[in-house]
Amino acid sequence: MTVSSQDLRTLVAAEQHAGERIDRALAAAFPDLSRSRIKALIEAGHVTRDGAPVREPADSLRIGATLVLSVPPPVPSTPEPESICLPVLYEDADLIVIDKPAGLVVHPAPGNETGTLVNALLAHCGDSLSGIGGERRPGIVHRLDKDTSGVMVVAKTEQAHVALSNDFAARRIDRKYLALCWGVPSPGNGDFEGAIGRDKADRKRMAIVARGGKEALTHYKVLKSFNACAALMECKLATGRTHQIRVHFSANGHPLIGDPLYLRRIPAVAKRLPVEARDAALDFPRQALHAARLGFVHPRTGEELLFETLPPEDFRTLELQLAES
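All values reported here derive from a predicted model rather than from experimental measurement.

Procedures and definitions
- Per chain, residue numbering runs from 1 following the sequence as it is written.
- Selection of residues for local features in this predicted model requires a pLDDT of at least 70, selection of side-chain atom pairs for listing and counting requires 80 or more, and totals for whole chains, interfaces and linings are taken over all residues.
- To obtain the side-chain values, all non-hydrogen atoms of the structure were included, while hydrogens and water were left out.
- By definition, any uninterrupted DSSP run of H or I lasting at least four residues is a helix, any uninterrupted run of E lasting at least two residues is a strand, and each is numbered from the N terminus.
- As defined in this context, the radius of gyration uses C-alpha atoms, and a globule is described by 2.2 Å times the residue total to the power 0.38.
- When accessible area is computed with a 1.4 Å probe and restricted to protein chains, residues below 20% of their type maximum are described as buried, those above 50% as exposed, and intermediate ones as partly exposed.
- Any two residues whose heavy atoms approach within 4.5 Å at even a single point are treated as in contact.
- Note on areas: Shrake-Rupley with a 1.4 Å probe; residue coverage comes only from the protein chains shown.
- With axes taken as lines fitted to C-alpha atoms, and helix axes fitted only over the stretch in contact, angles between N-to-C directions fall between 0 and 180 degrees.
- Any angle that is under 35 degrees is reported as roughly parallel, and any over 145 degrees as roughly antiparallel; angles of 65 to 115 degrees are reported as roughly perpendicular and all others as oblique.
- Crossings are classed by handedness, with left-handed meaning an anticlockwise turn of the near helix from the far one by less than a right angle and right-handed meaning a clockwise turn.
- By the convention adopted, Pro, Cys, Tyr, Trp, Phe, Met, Ile, Leu, Val and Ala count as nonpolar, Lys, Arg, Asp and Glu as charged, and the other residues, Gly among them, as polar.

Draft legend 1. Focus on the overall build of the protein chain. In terms of regular secondary structure, the protein chain is built from 7 helices and 17 strands. In terms of overall size, the protein chain behaves like a compact globule, its C-alpha atoms giving a radius of gyration of 22 Å where 325 residues would be expected to give roughly 20 Å. Taking the principal axes of the C-alpha coordinates as reference, the protein chain spans close to 65 × 55 × 40 Å. Buried residues in the protein chain amount to 46% of all 325 residues. Pairs at least 24 apart in sequence give 65% of the contacts found in the protein chain among residues at least 6 apart. Counting only carbon and sulfur atoms, one obtains 49% of the accessible surface of the protein chain, whose full area is about 15,900 Å².

Draft legend 2. Structural detail: the packing of helix α1 (residues 22-29) against helix α2 (residues 35-43). Running from N to C, α1 and α2 cross one another at 125°; their axes reach a closest spacing of 9 Å. It follows from the interaxial angle that α1 and α2 lie oblique. In terms of crossing hand, the pair formed by α1 and α2 is right-handed. On α2, the residues that touch Ile-22, Asp-23, Arg-24, Leu-26 and Ala-27 of α1 are Arg-35, Ile-38, Lys-39 and Ile-42.

Draft legend 3. Region of the structure containing the packing of helix α6 (residues 275-282) against helix α7 (residues 313-324). Axis separation between α6 and α7 bottoms out at 9 Å; the angle between their running directions is 150°. By the angle between their axes, α6 is roughly antiparallel relative to α7. Where α6 crosses over α7, the handedness of that crossing is left-handed. Between α6 and α7, the contacting residues are Glu-276, Ala-277, Ala-280 and Ala-281 on the first element and Leu-318, Gln-321 and Leu-322 on the second. Tallied by class, the residues present in the contact of α6 with α7 amount to 5 nonpolar, 1 polar and 1 charged.

In structure tokens form, the structure reads like this:
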């Protein structure tokens, strides 16, 4: 075990490390870093094994393997403004509505300290942020996963933040998603239910749980079927749990195309697709999920606002390739 002046940390796996998870071995070797921090660094590409990048904290070690952990320099705890292009759908003194691109993280977190939506909003909104919780910052009232695209509303004032948060909690928000899933749910119009909690076997995943979860309900509708191998789905949320649509569809045998967390094997129905369409679906690099509609009451004026956007080009291209199959 060595630590360099550049904070490149090396661990050569000894006999006691054989079969141990990489994150656990590194956490034991470098106790000044928490295991959650090490996991985030692994997932962000800051660890190599015998020169090759490692991104799975649960990978096991073999004797003699050399791990190199690169710890980046600390960044300010307060997010800094960053000039990042944002597709703005609406903005006034109280709030801003954007069409979030896939790949944009909403809030800074270990492994994604910069380049987030919050950084972009700090630069875009500037002095129009009047203060939330005593800080001049955007008020995140709901989130979309990093690789989910679509409509988001963000508060710019304390009043708007409180009112919108209450509306989301009380389920007074109109939300519709579009998704591409494997297989075709039957019946073609129905509900997926099941309490959602943290997956005990993998803390990055959520799961349907018998105890300790939160009630979750997703209304779904099949919009198009592609040779009974895949489907374009409309999803409406009655609740708003972490990964709700992704968990419900996976648990019911129809994982979203491209989902890196909940699609663990090649679906059997993929074999029935023509090669080009099958390859496009299997190689899709993110979950095929888009927040297509968001409706809410303006927290100050009482006006009913509704915003709708089309899925991004990669989603629409995949849909076309499936349709042509």
